Amino acid sequence: MKVLFATSEAAPFAKTGGLGDVVGSLPAVLREKGVDARVIMPLYRCIPQQYKDQMRYIAHIYIDMAWRKQYAGVFEMEYNGCIFYFVDNQFYFNGDKPYDYIHLDCEKFIFFSKAVLSLLPTLNFRPDVINCNDWQTGPIPVFLDTFQDNPFFRGIKTVMTIHNLKFQGRWDFKGIKDAMGISDYYFTSDKLEYYKDANLLKGGMVYANKITTVSDTYAREITTPQYGEGLDRLLAARQNDLIGIVNGISYTDWNPKTDKMIYQNYDAKSVHKKKAKNKTELQKQLGLPVDENKIMIGIVSRLTDQKGFDLVAYKLEELLAANIQIVILGTGDEKYENLFRHYAWKYPEKLSAQIYFSNEMSHKIYAASDAFLMPSLFEPCGLSQLISLRYGTLPIVRETGGLKDTVTPYNEFTGEGNGFSFANYNADEMLGIIYYALRIYYDRPEEWRKIMDNAMAADYSWDVSADKYIRMYQQLTGIYDLPEKKPEPAKKPAAPKKGGNFEEQLKKDADKSEQELAKKLTKPDKVEVPDPFGEEKTAAPKKTAKKTAAKKAPATRKKPAAGTKKTAKKAEGTSK
């Protein structure tokens, strides 16, 4: 089975959010499971030069963009066992960052979507499925419908994956219609038209064979007006084709046992002894009072309303009255950046605000914190809570989207649970569950350690999610004959156990070897060869016949009759 992931970003080439992490990890895992998964994305100028130096030029074509033509080149490289294709066009992709103003981005990604399909015949790769990601690739299923006159494109299935429904590629109707250059048939209210604008994500969802999103709960939520962002009726109509698959994380990149960015490595067995070292070292680095017994709550996030920071702002003064330390890392809305700067100045012994983003610092916070706060208004999947579980840091979340699917609230009666959660988007509820977590941490440390064990036992690697993607692709295409997984290397035979008849067995093995060697070295004096002329005469055997017979023939045999060279050769052949 062949699957092409079309995306606007993929780690490590270009990444602004969770989409980059997903497309940077999932295809490689699918390949390990027998799927020929590849990725195609724009060749942005902001891609690090170290990767551009490894790219190989394949071909280029010119694409009709309505009344104008645009160059589209394609390069490729292999990374992490997966083939990546890069669409080149400096007019569209020469910016300092992947995204710009929406009206520019709409035309840019319309070009990219058409280029993906147009370049396929030059790649020597015809996918069975094109997995589109977010609105930037929404035009692909629409364009594919217009490409059906070409037999090459018939039968290719499409999947539209929604990572965040809030972003839809909505812009001026005439501008998008002009850039796409396709029939008026596609610009009606049941297709691309959306309240007198055009909506690229809507078009992708109408024409895709399957629609997926990044958690089961979010798949249900987006069919309701509260979370549907104006597309709930379309999604409700297509709910039989709507599937939720929780994202995973790379258990190689996020592994406290091998993470080189944290102060002290640990695993599930040593977490209770070694994890605290990360807290005290981070306290020293950030200038907080060093106390391994004081609970530290971490936040690594974009500072926006969607992430629930209006709730945090409302209760922050009250929260900091508790015996607590809070460490924040991230950027976002100016009002929240300034809010956390103010409280870091007001309570320097309780709050540290790192208003920037650093991958290394994020690793340190995940490893050092005791709990991780994510009170999101909505969260399609979320990766931070998965990472915190991996590091034995207990998530405190609101029950929405992927947060509800991955964080099981602690039940003090059964001992089940890997974190804490609250249901309603309410600041008092959030504060109440944080206080409950504090009571468990300070008053019942044995229970806290049990929840940590539950957290680190959870499996949210891509291995589980990849199997669900494969099943969906199989149902969509009818292709079930995936190659088997690569066999594991053979284990070395176990050494024989000492004791008992061990010495006696060694002696028997040695004697047997000597006997077999003696048989091979035995050379008979005579060799029996059938006479091709039916006469029985003797002649000295040739060295070659003797050598051959030494391998097989025992005992004495009659000597071969003398004859011509031709006869001797035949005789030798017969003796073999």
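Residues numbered from 1 in each chain as written. Predicted model: local features only at pLDDT ≥ 70, side-chain atom pairs only at ≥ 80, totals over all residues. Heavy atoms only, no water.

A closer look at the environment of Asp467
And then number 1: The topology assignment puts Asp467 in helix H18 (residues 462–477).
And then number 2: As a C-alpha pair, Asp467 and Val29 span 438 residues in sequence and 9.4 Å in three-dimensional space.
And then number 3: Only 3.0 Å separates the side chain of Asp467 from the side chain of Lys33, close enough to count as a polar contact. (Helix = DSSP H or I, 4+ residues; strand = E, 2+ residues; numbered from the N terminus. Polar contact = N/O pair within 3.5 Å; in protein donor to acceptor, adjacent residues only side chain to side chain.)

Considering helix H16 (residues 427–443)
And then number 1: The end-to-end C-alpha separation of H16 is 24 Å, in line with the 24 Å expected for 17 residues at 1.5 Å each.
And then number 2: By the burial criterion, the buried members of H16 are Ala427, Met430, Leu431, Ile433, Ile434, Tyr436, Ala437, Leu438, Ile440 and Tyr441.
And then number 3: Residue Asn426 occupies the N-cap position of H16, its side-chain oxygen lying 2.8 Å from the main-chain nitrogen of Asp428. (Expected span 1.5 Å × (residues − 1). Buried < 20%, exposed > 50% of the residue type's maximum accessible area, 1.4 Å probe, protein only.)

Details of the side chain of Thr212
And then number 1: Counting through the fold element by element, Thr212 comes out in strand S11 (residues 210–213).
And then number 2: There is a polar contact of 2.7 Å between the side chain of Thr212 and the side chain of Thr161.
And then number 3: Residues within four places of Thr212 in sequence aside, it is in contact with Val159, Met160, Thr161, Ile162, Ile243 and Met472. (Contact = heavy atoms within 4.5 Å.)

A look at the sheet that holds strand S8 (residues 170–172)
And then number 1: Spatial strand order, S8-S10-S9: 3 strands in an open sheet with antiparallel pairing. Two strands close off the open sheet at either side, each with one partner strand: S8 and strand S9 (193–194).
And then number 2: Of the strands in this sheet, S8, S9 and strand S10 (197–199) are in contact with helix H6 (residues 173–180), which crosses S8 at around 95°. (Pairing = 2+ DSSP bridges. Axes fitted to C-alpha atoms, helices over the stretch in contact; angles between N-to-C directions.)

Examining the sheet that holds strand S14 (residues 325–329)
And then number 1: Judged by pairing direction, the sheet is parallel, and its 6 strands sit side by side in the order S15-S14-S13-S16-S17-S18 without closing on themselves. Either end of the sheet is taken by a strand with one partner, and the two such strands are strand S15 (351–354) and strand S18 (420–422). Taken pair by pair, the neighbouring strands of this sheet meet at an average axis angle of 15°, ignoring direction.
And then number 2: Relative to S14, strand S13 (residues 296–300) runs parallel, the two sharing 5 bridges. Of the residues in S14, the one forming a bridge with Ile299 is Ile328.
And then number 3: Where helix H11 (residues 309–319) meets the sheet, it contacts S13, S14, S15, strand S16 (371–374) and S18, and its direction lies at approximately 150° from that of S14.
And then number 4: Contacting S16, strand S17 (394–398) and S18, helix H17 (residues 445–457) runs over the sheet at an angle of about 80° to S17.

Thoughts on the nonpolar core
And then number 1: Formed by 96 residues in total, the largest nonpolar core has its most connected members in Leu30, Phe86, Met180 and Tyr473.
And then number 2: The dominant element in this core, judged by the number of residues it contributes, is helix H4 (residues 102–119), at 9 residues.
And then number 3: Here Met180 is in contact with Ile110, Lys114, Pro139, Val142, Phe143, Phe187, Leu192 and Leu200, once residues within four sequence places are set aside. (Core = buried A, V, L, I, M, F, W, Y, C linked by side-chain atoms within 4.5 Å.)

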